[in-house]
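# Notes for the structure review
So the chains spell out like this:
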Amino acid sequence: PRAHDLAILGDLAVVPCSDYGVQLIVVSVPEAAFVVGRIHLQGGYGSGVAISGDLAFLAARKSGVQVIDISSPEAPVLVSSTPTGSFSYDVAVSRGLAYVVDSPGELRIFDVSDPGAPVECGSDGSITGAEGVEVAGERAYVIRDFGFDVYDVSACAGGDSRRPPRRLADPR
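This report concerns the structure included in the present document.

### Thoughts on the environment of Glu120
The topology assignment puts Glu120 in strand 12 (residues 119-124). Spatially, the C-alpha atom of Glu120 lies 9.7 Å from that of Cys156, the residues being 36 residues apart in sequence. Residues in contact with Glu120, not counting those within four places in the same chain, are Arg108, Ile109 and Phe110. Here Arg108 takes part through its side chain, which lies 2.6 Å from a polar atom of the side chain of Glu120.

### Looking at the environment of Ala60
Tracing the backbone through its elements, the reader meets Ala60 in the loop between strand 6 (55-59) and strand 7 (65-69). What makes Ala60 buried here is its relative accessible area of 1%. The spacing of Ala60 and Thr84 is 24 residues in sequence and 9.7 Å in space, taken between C-alpha atoms. With sequence-adjacent residues up to four places away left out, Ala60 is seen in contact with Tyr45, Gly46, Gln66 and Ser88.

### Some thoughts on the nonpolar core
Buried together is how nonpolar side chains tend to be arranged in soluble globular proteins. Core analysis: the largest hydrophobic core is formed by 16 residues, its most contacted members being Tyr99, Leu107, Ile109, Val133, Ala140, Val142 and Tyr151. Only strand 10 (97-103), strand 11 (106-111), strand 13 (132-136) and strand 14 (139-144) provide two or more residues apiece to this core. Examining the composition of this core, we find that 3 residues originate from one element, strand 10, more than from any other. Beyond its immediate chain neighbours, meaning those up to four positions away, Val142 contacts Val101, Leu107, Ile127, Ala130, Gly132, Val133, Gly147, Phe148, Asp149 and Tyr151.

### Overview of unusual backbone geometry
The phi dihedral of Arg61 falls on the positive side, at around 50°, and the residue is not glycine. Relative to the assigned elements, Arg61 resides in the loop between strand 6 and strand 7. Given a relative accessible area of 15%, Arg61 falls into the buried group. Here the phi dihedral of Arg95 falls at roughly 50°; this positive angle occurs in a residue that is not glycine.

### Some remarks on the pattern of salt bridges
In the structure shown here, the tally under the stated rule is 5 salt bridges. Here Asp152 makes a salt bridge to Arg139, at a shortest N to O gap of 3.9 Å. In this pair, Asp152 is assigned in strand 15 (residues 147-152) and Arg139 in strand 14, connecting sequence segments 13 residues apart. Residue class for Arg139 comes out partly exposed when judged on its relative accessible area of 33%. Between Asp149 and Arg144 there is a salt bridge, with the nearest N and O atoms lying 3.0 Å from each other. Each of Asp102, Glu106, Arg108 and Glu120 takes part in one network of salt bridges that share partners.

### Some points on the sheet that holds strand 5 (residues 48-52)
Here 4 strands make up an open sheet; going across it, the order is 5-6-7-8 and the pairing antiparallel. Either end of the sheet is taken by a strand with one partner, and the two such strands are strand 5 and strand 8 (77-82). On average, each strand axis in the sheet is tilted by 20° relative to the strand beside it, whichever way the strands run. In this structure, strand 6 lies alongside strand 7, joined through 5 bridges in antiparallel fashion.

Cut-off values and rules
Residues take numbers from 1 onward in each chain, read along the sequence in its written order. pLDDT decides what is reported in this predicted model: residues at 70 or higher carry local features, side-chain atom pairs at 80 or more are listed and counted, and totals for whole chains, interfaces and linings draw on all residues regardless. Heavy atoms throughout the structure, all of them, feed into the side-chain values; hydrogens and water do not. Counting from the N terminus, the helices are DSSP H or I runs at least four residues long and the strands are E runs at least two residues long. Contact criterion: two residues are considered in contact whenever any of their non-hydrogen atoms come within 4.5 Å of each other. Any pair of N or O atoms that falls within 3.5 Å is considered a polar contact. Within protein, one atom must be able to donate a hydrogen and the other to accept it, and sequence-neighbouring residues count only if both atoms are side-chain atoms. Exposure classes here rest on a 1.4 Å probe applied to the protein chains alone. A residue is buried below 20% of its type maximum, exposed above 50%, and partly exposed in between. Among buried residues, the Ala, Val, Leu, Ile, Met, Phe, Trp, Tyr and Cys ones that are joined through side-chain atoms within 4.5 Å form a nonpolar core. Each reported salt bridge corresponds to a side-chain nitrogen of Lys or Arg within 4 Å of a carboxyl oxygen of Asp or Glu. The criterion for strand pairing is that DSSP finds at least two bridges linking the strands in question. Axis geometry follows a simple rule: fit a line to the C-alpha atoms, using only the stretch in contact for helices, then measure angles between N-to-C directions, giving values from 0 to 180 degrees.

This is the structure we're talking about:
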């Protein structure tokens, strides 16, 4: 299967694959890594993954954001599936928020404090060619064609869903 991303939790690798949905692989002995569990995704495969606690958050292409409980790696469980209305490429999770980049160019922020019912709390649809996202503190960094943008996401991180993320810089 073709792997699209990976996230590590201790000795467990969470790997979205094109043929198998998501594989959970024990990597404590790299030479003897083995698949301990897998879950098929609704509507296709994931292209990006992030972990927070015992939850894996997937940018699941046409199916938006999917949350999977990986507390029992042998039997992962789908907790929720939230459509984004577009094609989700990547996800980052920080402080109870999931940051998702969609096609054709949108940063969407979801409150995932209740992982069973994520709620969108902000977005910016003006990014050309958004492909990836990372979060550090109150800043989101969106990778796009020929560079990246820096966003102030403090309003959403502080619970103010009335203010969208604010673009600070385009450091090309």
